[in-house]
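Listed here are the chains, written in short residue letters.
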Amino acid sequence: MATPDELYKEASQLKSAGKMEEAVSKLQEILTIAPDHVQTHMALGVHLQKLGRLDEAIVHARRVTELEPNDPFSFTQLSVIYQRCGKIPEAEDAMARAHALQGR
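This report concerns the structure included in the present document. (Residues numbered from 1 in each chain as written. Predicted model: local features only at pLDDT ≥ 70, side-chain atom pairs only at ≥ 80, totals over all residues. Heavy atoms only, no water.)

### Comments concerning the nonpolar core
Argument step 1. Residues Leu-27, Leu-44, Ile-81 and Tyr-82 are the most contacted members of the largest nonpolar core, which totals 19 residues.
Argument step 2. Those elements that provide at least two residues to this core are helix H1 (4-16), helix H2 (20-33), helix H3 (38-50), helix H4 (54-67), helix H5 (72-84) and helix H6 (88-101).
Argument step 3. Per-element accounting of this core gives the leading share, 4 residues, to H2.
Argument step 4. If we skip the residues at most four places from it in the chain, Tyr-82 touches Ile-58, Arg-62, Lys-87, Glu-90, Ala-91 and Ala-94. (Core = buried A, V, L, I, M, F, W, Y, C linked by side-chain atoms within 4.5 Å. Buried < 20%, exposed > 50% of the residue type's maximum accessible area, 1.4 Å probe, protein only. Helix = DSSP H or I, 4+ residues; strand = E, 2+ residues; numbered from the N terminus. Contact = heavy atoms within 4.5 Å.)

### Observations concerning H6
Argument step 1. Over its 14 residues, H6 runs 20 Å from end to end, which matches the ideal 20 Å to within 8%, given 1.5 Å per residue.
Argument step 2. Of the positions making up H6, those classed as buried are Ala-91, Ala-94 and Ala-98. Looking straight down H6, one finds that the buried residues subtend no more than 65 degrees of arc, so they occupy a single side. Exposed and facing more than 90 degrees away from the buried side of H6 are Pro-89, Glu-92 and Asp-93.
Argument step 3. Those residues of H6 that are buried lie in contact with H5.
Argument step 4. Backbone geometry just after H6 places Gly-103 at a positive phi near 80 degrees. (Expected span 1.5 Å × (residues − 1). Arc of directions from axis to C-beta.)

### Regarding the pattern of salt bridges
Argument step 1. Under the criterion given, the structure shown has 6 salt bridges.
Argument step 2. In this structure, the salt-bridge partner of Lys-26 is Glu-10, at a minimum N-O distance of 3.0 Å. Placement of the pair is Lys-26 in helix H2 and Glu-10 in helix H1, with a sequence separation of 16 residues.
Argument step 3. By relative accessible area, which is 18% here, Lys-26 ends up buried.
Argument step 4. Ionic pairing is found between Arg-53 and Glu-21, a salt bridge with its closest N-O pair at 3.2 Å. Placement of Arg-53 in the loop between H3 and H4 and of Glu-21 in helix H2 is noted, with a sequence separation of 32 residues between them. (Salt bridge = Lys/Arg side-chain N within 4 Å of Asp/Glu carboxyl O.)

### Some words on the packing of H1 against H3
Argument step 1. Direction vectors running N to C along H1 and H3 enclose 20 degrees, while the axes themselves pass 11 Å from each other. In terms of orientation, H1 lies roughly parallel with respect to H3. The way H1 lies across H3 gives a crossing that is left-handed. Contact with H1, carried on its side by Asp-5, Tyr-8 and Lys-15, involves Gln-39, Thr-40, Ala-43 and His-47 of H3 and no other residues of that element.
Argument step 2. Classifying every residue of the contact of H1 with H3 gives 2 nonpolar, 3 polar and 2 charged. (Axes fitted to C-alpha atoms, helices over the stretch in contact; angles between N-to-C directions. Parallel < 35°, antiparallel > 145°, perpendicular 65-115°, else oblique. Left-handed = near helix turned anticlockwise from the far one by under 90°. Nonpolar A, V, L, I, M, F, W, Y, C, P; charged D, E, K, R; others polar.)

Taken by themselves, the reported measurements are silent on function.
Right under this line is the structure:
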């Protein structure tokens, strides 16, 4: 059985080949064996947003902030995904959290 990191590499190769749906499927496969794999949730947030699957993208971006609650980048990514999904108040809240974590 492939490891999460091996599957993640396969997903990255699929994305690079322009096979976004297949990459998403591979990433979802990772979560069946490693449900808290942060990189997978990060990638799914971005890829699903690009595919127009906005609610799913937000779920994964939020999960990253749960797994990495002290990482400003997690909240920055959540903010960007919220912005791209048209949820501006939520985006502003997430960015405020990122700034607070950075000590601004």
